Amino acid sequence: MTDRQKRIALLKQRAEEKILILDGAMGTMIQKHKLTEEDYRGERFADWKQDVKGNNDLLSLTQPEIIKDIHLQYIAAGADLNGTNTFSATTIAQADYGMESLAYEINYESAKLARQACDEWEAAHPGDVRFVNGAIGPTNRTASISPDVNNPGYRGVTFDQLYTAYKEAANGLLDGGADTLLVETIFDTLNAKAALFAISEVIEERGEDIPVMISGTITDASGRTLSGQTTEAFYNSVRHAKPFSIGLNCALGAAQLRPYVVELSRVAECRVSVYPNAGLPNEFGEYDQTDNEMAALVKEWAESGLINLLGGCCGTTPAHIRAIANSVKGSAPRKSPDIAPRMRLSGLEPFDAA
């Protein structure tokens, strides 16, 4: 049994015993450093052909100590699962900076940094194992919607292109030491299907049992993803992947997300994860919800038996994660409901065969 297999077995055991804590926002913590263009470039990319400021994933190569320190802060705050700095680490997203060729390396090095942080913590706290969550973002393209209002049939990316990009990212994350793979911030279910197909091939080729986590995004008060699906329809579309967990993140704060968490908890046969933003952004695009305010909202979710994994997205910090972890300490994880087997289909709405 490999070290990763041992960690995965332990993760599954802990998931039955407690609400697992996810980390908070990587971007929020990076912004606190007020890095310059030169900081992003580092020595290696000092002469790069275009600006790279804003390419946070690149910092795993040029400012690795900053990224590892952020991981350590979240670990110290109580995060069981720590997401890699790879939200945009696909060839498709890195094309904005002309850095497509670096996608595998960014994924590999980002997972390696998170692994080092987790291992350092365990060395100082024997037995307190923490896990690396290999983050795979949605890319900046959508396979379901045309970016050209004058040509509704046009697509800026194909399923095969997404599949190829996601497969490379998944291999880089696992080679670097990730324990799980998280397909997150899903606004287009077709993009997610490409990622899940790629991951299924990677898992088969490696012959490993890798937990796969799925997290969608409800974009506004309509209760739908950007590609138009309701929460239940989204779940029906991806349940075939038999994920370790399915959940929601980003776009909304905890108060706005609650009805969709309830809906997901009602229909999901697997664990439910949620990591909301720190409220809604203010007029400057910043998040004002305090750690205690957010913790009070999600504590009720735990008390109501709605969740298995809980963390924070945009605007959250180690202080938020610490408060959240403390608020649900001792709360039992959600128990999956007894759901009758039947054919469950979906378009924009769910369809359950009688």
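Residues numbered from 1 in each chain as written. Predicted model: local features only at pLDDT ≥ 70, side-chain atom pairs only at ≥ 80, totals over all residues. Heavy atoms only, no water.

Within an unreviewed UniProt entry, the label attached to the protein reads Methionine synthase, and the organism entered is Thalassospira marina. Within the UniProt record for the protein, the comment given under Pathway (unreviewed entry) is "Amino-acid biosynthesis; L-methionine biosynthesis via de novo pathway; L-methionine from L-homocysteine (MetH route): step 1/1." (UniProt positions renumbered as here; feature names shortened; annotations may be inferred.)

Participant: Before we move on, could you go through helix α1 (residues 3–17) and cite the residues and values that matter?
Facilitator: The end-to-end C-alpha distance of α1 is 21 Å, a good match for the 21 Å that 15 residues give at a rise of 1.5 Å each. Along α1, the residues classified as buried are R4, R7, I8, L11, R14 and A15. Down the axis of α1, the buried side of the element spans an arc of 125°, and every buried residue falls inside it. (Helix = DSSP H or I, 4+ residues; strand = E, 2+ residues; numbered from the N terminus. Expected span 1.5 Å × (residues − 1). Buried < 20%, exposed > 50% of the residue type's maximum accessible area, 1.4 Å probe, protein only. Arc of directions from axis to C-beta.)

Participant: I'd like a rundown of the nonpolar core, residues and numbers included.
Facilitator: Ranked by internal contacts, the top residues of the largest apolar core, which has 88 residues, are I246, W301 and I307. Examining the composition of this core, we find that eight residues originate from one element, helix α9 (residues 189–206), more than from any other. Contact partners of I246, with chain neighbours within four places excluded, come to I214, F234, Y235, V238, L264, A268, C270, R271, V272 and S273. By size, the runner-up hydrophobic cluster in this structure holds 14 residues, among which are A15, L22, C250 and C313. (Core = buried A, V, L, I, M, F, W, Y, C linked by side-chain atoms within 4.5 Å. Contact = heavy atoms within 4.5 Å.)

Participant: Tell me about empty space enclosed by the protein, and please be specific about residues and values.
Facilitator: Summary: where empty space remains is shown by rolling a probe the size of a single water molecule over the atoms. One pass over the structure, following the stated rule, counts one cavity of 30 Å³ or more. In this structure, the largest cavity occupies an estimated 30 Å³ of space. If you go around the largest cavity, the residues you meet are P138, Y166, V183, I186, F187, D188, N191 and A192. Taken together, the elements giving at least two residues each to the lining of the largest cavity come down to β4 (180–186) and α9. Here the residues of the lining of the largest cavity are counted per class, giving six nonpolar, one polar and one charged. (1 Å grid on protein atoms, 1.4 Å probe; cavity = no way out; pocket = protein on both sides within 12 Å on 5 of 7 lines; lining within 4 Å. Points joined across faces, edges and corners; volume = space filled by probe spheres on them. Nonpolar A, V, L, I, M, F, W, Y, C, P; charged D, E, K, R; others polar.)

Participant: Run through the pattern of salt bridges, naming residues and quoting values.
Facilitator: A full pass over the atoms with the stated rule returns 21 salt bridges. Residue K167 pairs with E205 through a salt bridge whose shortest N-O separation is 2.8 Å. Of the two residues, K167 is situated in helix α8 (residues 159–176) and E205 in helix α9; the sequence distance between them amounts to 38 residues. Among the residues examined, E205 registers a relative accessible area of 54% and is labelled exposed. (Salt bridge = Lys/Arg side-chain N within 4 Å of Asp/Glu carboxyl O.)

Participant: Can you break down the UniProt feature "domain: Hcy-binding" (unreviewed entry) in the protein residue by residue, with the values?
Facilitator: Following the UniProt record, one finds the feature "domain: Hcy-binding" (unreviewed entry) at residues 8–328. Within residues 8–328, the helical portion is 46% and the strand portion 13%, while the C-alpha atoms at the span's ends are 23 Å from each other.

Participant: Outline the side chain of S146, supporting the account with residue identities and numerical values.
Facilitator: Mapped onto the secondary structure, S146 falls in the loop between β3 (131–136) and α8. When its relative accessible area of 17% is taken as the criterion, S146 is described as buried. There is a polar contact of 3.0 Å between the side chain of S146 and the backbone oxygen of D148. In this structure the side chain of S146 is engaged in a polar contact, spanning 3.2 Å, whose partner is the backbone oxygen of Y154. (Polar contact = N/O pair within 3.5 Å; in protein donor to acceptor, adjacent residues only side chain to side chain.)

Participant: Tell me what's going on with the sheet that holds strand β2 (residues 81–83), and back it up with residues and numbers.
Facilitator: Read across the open sheet, the eight strands follow the order β1-β8-β7-β6-β5-β4-β3-β2; overall the sheet is parallel. Edge positions in the open sheet fall to β1 (20–21) and β2, since each of these has one partner strand only. Across four bridges, strand β5 (residues 212–216) lies against strand β6 (residues 245–253) in parallel orientation. Bridging from a neighbouring strand, I214 pairs with I246 of β6. Most of the contacts of α9 go to β4, to which it runs at about 170°, and overall it touches β3, β4 and β5. Here helix α10 (residues 231–238) sits on the sheet and contacts β4, β5 and β6; the angle it forms with β6, its principal contact strand, is near 140°. (Pairing = 2+ DSSP bridges. Axes fitted to C-alpha atoms, helices over the stretch in contact; angles between N-to-C directions.)

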